[in-house]
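The chain contents come next:
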Amino acid sequence: MRNHGGVRLVIATCTVDYEGRLSAHLPEAPRLLLVKNDGSISIHSDDRAYKPLNWMNPPCRIVEEDGDDGARRWVVSNPKGETLTITITEIHTEMSHDLGVAPGLVKDGVEAHLQELLAANPATIEPGLTLVRREYPTDIGPVDLLCRDGEGRVVAIEVKRVGEIASVDQLTRYLERLERDSRLAGLRGVLVATSIKPQATVLARDRGIGCVEVDYAALRGLGTRNLTLF
């Protein structure tokens, strides 16, 4: 695909076909195609809030080609052998914009303080857990806490005030990056929050990610409540 730089937004009438762990087809309709500078691509409709209809995380390769039938095709592939084929019959709007360097997420006071409290006492999350580093860097942003458990396994921990599906997706992306480092063999992830939505718990379980709810007041020494591990 041509390098447009930054974020590329395309509103087009298209079909989408996914081949990988299963097969999926989106029939022809107007959709928003979002290509980010990190190589990721997502397909959106005019509902479902932030959640895309289909997507592919980086690293992936996007090849743009013109078919004999006059349609334009984007063929997106990744190292896992998955492919997204987007067949475009009409482009309505197209633009690119360089967003520059992201300043990073600024956590609210509760979330930032919760991270501090857990970093000071990681065994509150899980017995035997010890801190390796706060804000452990990846090329898409830092994971809140990197720890080791009692068996020496590395544990990546994302801390939220409220754990939602987006929180699980964020931690999943961090784990994909961290798994490329051979020093972090046996890596696993845990989402920690004062409350975790049931849908997030289900998704986390499917992805092998642990979920722990903590009581912020208890951590501050204002009360007690048992931790819940899902």
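Just so you know, these numbers come straight off a predicted model, no measurement behind them.

A. Fine view of the sheet that holds strand E6 (residues 72-77). Spatial ordering of the open sheet is given by E4-E3-E2-E1-E7-E6-E5, a layout of seven strands whose pairing is antiparallel. Of all strands in the sheet, those bounded by a partner on one side alone are strand E4 (54-56) and strand E5 (61-66). The mean angle between the axes of side-by-side strands here comes to 30 degrees, regardless of whether they run parallel or antiparallel. For E6 and strand E7 (residues 83-97), the ladder comprises six bridges, and the chain directions are antiparallel. Considered in E7, the bridge of Arg-73 is made with Thr-87.

B. A look at helix H3 (residues 198-206). Residues of H3 that are buried include every one of Ala-200, Thr-201 and Ala-204, and no others. Along H3, the residues classed as buried sweep out an arc of 100 degrees about the axis, all on the same side. Of the exposed residues in H3, the ones pointing more than 90 degrees away from its buried face are Pro-198 and Asp-206. Residues of H3 that are buried make contact with strand E10 (154-163), helix H2 (165-178), strand E11 (188-196) and strand E12 (210-213). Just downstream of H3, Gly-208 is the residue with a positive phi angle, here 75 degrees.

C. Main features of the pattern of salt bridges. Counted under the stated rule, the structure contains twelve salt bridges. Among the ionic pairs, Glu-82 bridges to Arg-21, the shortest N-O distance being 3.4 Å. Residue Glu-82 is found in the loop between E6 and E7, and its partner Arg-21 is found in the loop between strand E1 (7-19) and strand E2 (23-35); the two are separated by 61 residues along the sequence. Among the salt bridges present, the one from Arg-207 reaches Asp-169, with a minimum N-O distance of 2.8 Å. Linking Arg-207 in the loop between H3 and E12 with Asp-169 in helix H2, this pair joins segments that are 38 residues apart in sequence. Among the residues examined, Arg-207 registers a relative accessible area of 34% and is labelled partly exposed. Within the structure, one salt-bridge network assembled from shared partners comprises Arg-8, Glu-64, Asp-66, Arg-72 and Glu-94.

D. Inspection of unusual backbone geometry at higher detail. Following Pro-58, the chain continues into Pro-59 via a peptide bond in cis, with omega recorded as 0 degrees. Mapped onto the elements of the fold, Pro-59 is located in the loop between E4 and E5. Positive phi, close to 50 degrees, is recorded for Glu-135, a residue that is not glycine.

Conventions adopted
Residues numbered from 1 in each chain as written. Predicted model: local features only at pLDDT ≥ 70, side-chain atom pairs only at ≥ 80, totals over all residues. Heavy atoms only, no water. Pairing = 2+ DSSP bridges. Helix = DSSP H or I, 4+ residues; strand = E, 2+ residues; numbered from the N terminus. Axes fitted to C-alpha atoms, helices over the stretch in contact; angles between N-to-C directions. Buried < 20%, exposed > 50% of the residue type's maximum accessible area, 1.4 Å probe, protein only. Arc of directions from axis to C-beta. Contact = heavy atoms within 4.5 Å. Salt bridge = Lys/Arg side-chain N within 4 Å of Asp/Glu carboxyl O.

Treat this as a map of the structure, not an account of what it does.
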